[in-house]
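For reference, the chains in residue letters:
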Amino acid sequence: MTLNNKPRIVVLGAGYAGMMTTKRLIKNLSPEEAEIILVNKHNYHYQTTWLHELAAGTINQNQVRIMIRDIINPNRVRLIYDTVVKIEKDDNRVILENSELTYDYLVVCLGYETNTFGIKGMDEHAFFIEDFDSCRLIREHIEYQFAKFNNDPNAHESSLNILVGGGGFTGIEFVGELVEKVPKLCKKYDIDRGKVKIVNVEAAPSILPNFDKDLVTYARKSLQERGAHIMEGTRIHECTEEGFIVGENNELIKAGTIVWTGGVTGSSILGKSGFDLTKGKVTVHGDLRAPGYNNIFILGDCAWVMDKQANRPYPPTAQAAMQHATTCGNNIRALIHNEPLEEFVFSDKGTVASLGVTDGMGAILGDKKLYGKAAATMKKVVDDRYLFLLGGPKLLLKKGKVRPF
Ligand code: FAD
Ligand code: NAD
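Residues numbered from 1 in each chain as written. Chains lettered and ligands numbered in written order. Predicted model: local features only at pLDDT ≥ 70, side-chain atom pairs only at ≥ 80, totals over all residues. Heavy atoms only, no water.

Student: Kindly report on the overall build of the protein, identifying the contributing residues and their values.
Tutor: Check the secondary structure of the protein and you find 10 helices and 27 strands. Against the globule reference of 22 Å for 405 residues, the protein gives a C-alpha radius of gyration of 22 Å, in line with a compact fold. Dimensions of the protein along its principal axes, counting C-alpha atoms only, are 70 × 45 × 45 Å. Taking all 405 residues of the protein together, the buried fraction comes to 53%. A total accessible area of about 19000 Å² is found for the protein, and carbon and sulfur atoms account for 50% of it. Each charge sign in the protein was given a centre, from 49 positive and 49 negative side chains, and these centres are 5 Å apart. (Helix = DSSP H or I, 4+ residues; strand = E, 2+ residues; numbered from the N terminus. Rg over C-alpha atoms; globule rule 2.2 N^0.38 Å. Buried < 20%, exposed > 50% of the residue type's maximum accessible area, 1.4 Å probe, protein only. Areas by Shrake-Rupley, 256 points an atom, 1.4 Å probe, with all protein chains shown as cover. Lys, Arg positive; Asp, Glu negative; His and termini not counted. Charge placed at Lys NZ, Arg CZ, Asp CG, Glu CD.)

Student: Help me get a handle on the pattern of salt bridges, residues and values and all.
Tutor: Applying the stated criterion across every chain, the model contains 20 salt bridges. Across the pair Asp 70 and Lys 398 runs a salt bridge, and its minimum N-O distance is 3.9 Å. Within this pair, whereas Asp 70 is found in the loop between β4 (65–67) and β5 (77–81), its partner Lys 398 is found in helix α10 (residues 372–399), the two being separated by 328 residues in sequence. By the burial criterion, Asp 70 is exposed, and Lys 398 matches it. (Salt bridge = Lys/Arg side-chain N within 4 Å of Asp/Glu carboxyl O.)

Student: Mind laying out the sheet that holds strand β8 (residues 100–102), listing which residues take part and the relevant values?
Tutor: The sheet built from three strands is open, its strands ordered β6-β7-β8 with antiparallel pairing. Where the open sheet ends on each side, the last strands, each with one partner, are β6 (84–88) and β8. For this sheet, the mean angle separating the axes of adjacent strands, direction not counted, is 15°. Examined bridge by bridge, strand β7 (residues 93–96) and β8 share three bridges and lie antiparallel to one another. Bridged to Val 94 within β8 is Leu 101. (Pairing = 2+ DSSP bridges. Axes fitted to C-alpha atoms, helices over the stretch in contact; angles between N-to-C directions.)

Student: Could you give an account of the site of ligand 2, naming the residues involved and the relevant values?
Tutor: By nearness alone, 25 residues border ligand 2, and Thr 170, Glu 202, Ala 203, Ile 236 and Val 352 come closest of all. Thr 170 places a side-chain nitrogen or oxygen 2.9 Å from an oxygen atom of ligand 2. Within the backbone of Val 352, one N or O atom sits 3.0 Å away from a nitrogen atom of ligand 2. When ligand 2 sits alone it has 850 Å² of accessible area, and the protein chains cover 77% of it. Mapped onto the shell around ligand 2, the elements with two or more residues apiece are α6 (169–188) and β25 (350–354). For the shell around ligand 2, a count of residues per class yields 12 nonpolar, nine polar and four charged. (Near = heavy atom within 4 Å. Polar contact = N/O pair within 3.5 Å; in protein donor to acceptor, adjacent residues only side chain to side chain. Nonpolar A, V, L, I, M, F, W, Y, C, P; charged D, E, K, R; others polar.)

Student: Before we move on, can you summarise the state of the cysteines with the specific residues and values?
Tutor: As enumerated under the stated definition, the model contains zero disulfides in all. With no disulfide of its own, Cys 135 lies closest to Cys 239 among cysteine sulfurs, the gap being 17 Å. (Disulfide = S-S within 2.5 Å.)

Student: Give me the lowdown on the packing of helix α1 (residues 16–28) against helix α9 (residues 318–336), citing residues and values where you can.
Tutor: Contact geometry of α1 with α9 gives a least axis separation of 8 Å together with a crossing angle of 30°. Judged on the interaxial angle alone, α9 and α1 are roughly parallel. Considering the relative orientation of α1 and α9, their crossing is right-handed. For the pair α1 and α9, the contacting residues are Tyr 16, Ala 17, Met 20, Thr 21, Arg 24, Leu 25 and Asn 28 in the first and Ala 318, Ala 321, Met 322, Ala 325, Thr 326, Cys 328, Gly 329, Asn 330, Ile 332 and Arg 333 in the second. Residues of the contact of α1 with α9, tallied by class, amount to 10 nonpolar, five polar and two charged. (Parallel < 35°, antiparallel > 145°, perpendicular 65-115°, else oblique. Left-handed = near helix turned anticlockwise from the far one by under 90°. Contact = heavy atoms within 4.5 Å.)

Student: Account for the side chain of Lys 181, with residues named and values stated.
Tutor: Note on placement: Lys 181 falls in helix α6. Among the polar contacts made by the side chain of Lys 181, one reaches the main-chain carbonyl oxygen of Gly 57 at a distance of 3.1 Å. Ignoring anything within four residues of it in the chain, the contact list for Lys 181 reads Ala 56, Gly 57 and Thr 58.

Student: Requested: an account of the domain arrangement of the protein, with residues and values cited.
Tutor: Entries for the protein in the domain assignment read domain 1 (8–41 + 82–114 + 265–348) and domain 2 (116–262 + 350–405). Between the C-alpha centres of domain 1 and domain 2 there is a distance of 30 Å. Contact residues are listed per partner, giving 10 residues for domain 1 and nine residues for domain 2. In total, domain 1 and domain 2 occlude about 930 Å² of area from one another, counting both sides; carbon and sulfur atoms represent 53% of this. Taken as a group, Met 20, Tyr 112 and Thr 114 account for 48% of the area that domain 1 buries against domain 2, more than any other trio of residues on that side. At the junction of domain 1 with domain 2, the criterion picks out zero salt bridges. Of all the elements in the fold, those that place two or more residues in the side of domain 1 that touches domain 2 are α1, β10 (112–114) and α9. (Domains from an automatic or database assignment. Buried area = accessible area lost by both parts, 1.4 Å probe.)

Student: Explain the nonpolar core to me, using residue names and the numbers behind them.
Tutor: Nonpolar side chains in soluble globular proteins generally cluster together in the buried interior. Counting residues in hydrophobic clusters, the biggest one holds 108 residues, and the most contacted among them are Phe 174 and Ile 298. When residues no more than four places from it in sequence are discounted, the contact partners of Ile 298 are Val 108, Leu 270, Phe 275, Val 282, Val 284, Leu 288, Ala 290 and Ala 303. Core analysis: the next-biggest nonpolar cluster, separate from the first, contains 15 residues, Phe 128, Leu 163, Val 199 and Ile 253 among them. (Core = buried A, V, L, I, M, F, W, Y, C linked by side-chain atoms within 4.5 Å.)

Student: Requested: an account of the site of ligand 1, with residues and values cited.
Tutor: Looking at ligand 1, there are 28 residues lining it, with Ala 17, Val 84, Asp 301, Thr 317 and Ala 318 nearest. Between ligand 1 and Thr 48 there is a distance of 3.0 Å, counted from an oxygen atom to a side-chain nitrogen or oxygen. Backbone polar atom of Gln 319 to an oxygen atom of ligand 1: 3.1 Å apart, as the coordinates give it. Those elements that provide at least two residues to the shell around ligand 1 are α1, α6 and α9. Among the elements that line the shell around ligand 1, the one with the most residues is α9, at three residues. When grouped by side-chain class, the residues that make up the shell around ligand 1 number 11 nonpolar, 12 polar and five charged. Residue assignment places the shell around ligand 1 across two domains, with domain 1 (8–41 + 82–114 + 265–348) and domain 2 (116–262 + 350–405) each supplying three or more.

Now the structure itself:
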């Protein structure tokens, strides 16, 4: 309890789960009922689902990030811009880089980190689509390779190549942006498009493993037709300064830009704080609380939430993170009011992926398949829906993707 006897709720991380939980708590509880604190590394929230666009340089960085205080009233919620170092869960305490905090209820929404599965050289030599800063760096690095090329007499054509390791949704959406960005960079820096290779390497027999076959076929064809090389059934064994070493014959594919999109795991803060982990995440109860801790909720990409019918975890998505936030906000209110808690039930709205600005594919409303412009527009509508839920019409007009005029 705080000095004025109000319970203190601390939310860690201002991504999809953290922002939407904070909004829900504001709605569910009066200022007299609880003190709410939101902790985040930066003073901005960013659209993780748009990071591939930021990395390729196909979107303005200011469209991707939103100042937290423009959405969350700092007179209602205490905003702390600091980095979480550890959760001391048996003492109800969070250690930040510059201070520490106690809590009555804790909501952990620290998102994902890139998983390199111990592949030799990957941490040292590859870029990651991990957060706002890592993606700005990729954008600048790619542009630098092009700017440098005609100024360096020793420059090798392979320095223009871009390698993307992993053909899951992040890798494929990133390649979709690259096939549109590279011709523009070639024009800008007087480079023949034929000199540049964009290569995606996927270990499974097909890109987007386990996704609908027709949609995968469409995505592959669309990317190939626009000049991407898709290498399927090809495992990356090692990453060196020069490129990836792949396949059974240990072939070296050279590139000046190497990006790893081969997998994600939950925040490393979970392990450092002594939570029991399943593949880097906490297996939560149906009400989204951590086992053994009745006052700690784990949401978004930090949570391992089982789909009991399919007997596998739900994939980590923004869609799920936002739904976790609703259940968590309701459950904290229920705890404060001594009411029964609700179980999390996932409502699957479908999956739509962009393949650049004007192409895409996906399935919505059960099994309705969308291709091409219709899918690309639907993806923008989904993105805009989130903006609307977060900041209403004002934010939608400021940052939205679908332009009515
Ligand atoms: P995040 O949104 O990642 O937020 C975590 C927050 O915690 C960030 O603000 C971060 O700065 C902060 N943080 C992290 N560590 C610390 C620390 N130590 N101290 C303080 N703050 C910290 N999902 C979909 O549903 N649809 C899509 O179209 C889609 N597209 C995607 C495209 C890309 C390129 C990627 C990478 C993912 C995509 N996803 C998509 C998945 C989705 O983005 C994630 O599942 C979602 O972001 C998870 O939300 P979260 O709130 O758990 O974490
Ligand atoms: P992922 O785990 O889904 O995909 C990683 C891919 O890398 C896999 O296909 C895997 O087979 C491949 N891979 C792993 N090791 C490899 C190796 N050594 N060599 C070659 N390939 C290798 O990760 P992701 O694409 O970052 O997606 C993370 C989560 O975010 C998923 O849940 C995804 O659904 C979600 N997401 C959704 C969207 C969308 O809905 N539009 C977009 C991006 C991400």
